[in-house]
Amino acid sequence: LWKTEPEARFVDLDRPDAIDETELSPTLLHYEDGYHYQNVLAPLVKMEADYDKQMKESLAEESISVRWEKSLTGRNIATFTFSGRHSAELSRVVVGDELRLKLGAGAEYLYGSPWK
């Protein structure tokens, strides 16, 4: 609960929407059959996927400008400029990360629809 809501209090544990990790079955060395294995590991895989999605969404950066250039060999080169309170030193973006560029709501006025 405190991972998703750092300001949560002890009484919040009794809320019906609070995540109860005790419902997860412990992993075993030997399983009865494939269904038992799937029933134990599927919730764990789902929790991990949800956590990964949440982490990716928390890495969103705003007010970044992108300049596109062609190199001498013809490859596309993108130069990112971090502005505002997010400087390049504070950013968690590293070489090899996958980036998704998304133009804000003003793009609808320029292009007629949201640009992604």
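What counts and how
Residues numbered from 1 in each chain as written. Predicted model: local features only at pLDDT ≥ 70, side-chain atom pairs only at ≥ 80, totals over all residues. Heavy atoms only, no water. Helix = DSSP H or I, 4+ residues; strand = E, 2+ residues; numbered from the N terminus. Buried < 20%, exposed > 50% of the residue type's maximum accessible area, 1.4 Å probe, protein only. Contact = heavy atoms within 4.5 Å. Patch = residues over 30% accessible without salt bridge, like charges linked within 9 Å, V, L, I, M, F, W, Y side chains within 5 Å. Areas by Shrake-Rupley, 256 points an atom, 1.4 Å probe, with all protein chains shown as cover. Salt bridge = Lys/Arg side-chain N within 4 Å of Asp/Glu carboxyl O. Pairing = 2+ DSSP bridges. pLDDT = per-residue confidence, 0-100. Expected span 1.5 Å × (residues − 1). Bend = angle between axes of the 7 residues up to and from the residue.

Enquirer: I keep staring at the overall build of the protein and nothing clicks. Help me out?
Expert: Helix and strand content of the protein: two helices and two strands. Secondary structure elements in the protein, listed N-terminal to C-terminal, are α-β-β-α. Relative to its full complement of 116 residues, the protein shows a buried share of 6%. Partitioning the contacts of the protein with sequence separation of at least 6, the portion at a separation of at least 24 is 13%.

Enquirer: Looking at this structure, I do not really get a nonpolar patch on the surface. What am I missing?
Expert: On the surface, Ile64, Val66, Trp68, Phe80, Val93 and Leu99 cluster together into a nonpolar patch covering about 500 Å² of accessible area. For the nonpolar patch, the leading source of residues is strand E1 (residues 64-70), giving three residues. For Phe80, a relative accessible area of 31% puts it in the partly exposed group.

Enquirer: It is not clear to me how the pairing of E1 should be interpreted in this structure. Could you clarify?
Expert: The two faces of the sheet receive side chains in turn, since in a regular strand these alternate between them. For E1 and strand E2 (residues 76-82), the ladder comprises seven bridges, and the chain directions are antiparallel. Pairing of Ser65 across the sheet is with Thr81, part of E2. Where E1 folds back onto E2 in an antiparallel hairpin, the turn is made up of five residues, including Gly74, whose phi is positive at roughly 90°.

Enquirer: What should I look at first to understand the confidence of the model for the protein in this one?
Expert: For any part of a model where pLDDT is low, the fine detail of the predicted coordinates should not be relied upon. Residues with a pLDDT of 70 or more make up 74% of the protein, whose mean pLDDT is 78. Across the protein, the element-wise mean pLDDT spans from 68 in helix H2 (residues 107-111) up to 89 in helix H1 (residues 34-58).

Enquirer: Would you mind going over H1 with me for this structure?
Expert: In an α-helix there are 3.6 residues to a turn, and that puts residues three or four apart on one side. Between the first and last C-alpha of H1 there are 35 Å, a value that for 25 residues agrees with the 36 Å anticipated at 1.5 Å per step. Along its length, H1 shows its largest kink, about 30°, at Leu41, and proline Pro43 lies within four residues downstream of that point.

Enquirer: I tried to follow the pattern of salt bridges on my own but got confused; where do I start?
Expert: Between side chains of opposite charge, a pair can form when the charged atoms approach closely. This model, assessed by the stated rule, comprises two salt bridges. A salt bridge links Glu69 to Arg67, with the nearest nitrogen and oxygen atoms 2.8 Å apart. Residue Arg67 is classed as partly exposed on the basis of its relative accessible area, which comes to 47%.

Enquirer: Please clarify how the environment of Glu61 should be interpreted in this entry.
Expert: You can see Glu61 is positioned in the loop between H1 and E1. Of the residues examined, Glu61 reaches a relative accessible area of 24% and is grouped as partly exposed. Residues Glu61 and Phe82 lie 21 residues apart in sequence; the distance between their C-alpha atoms is 8.7 Å.

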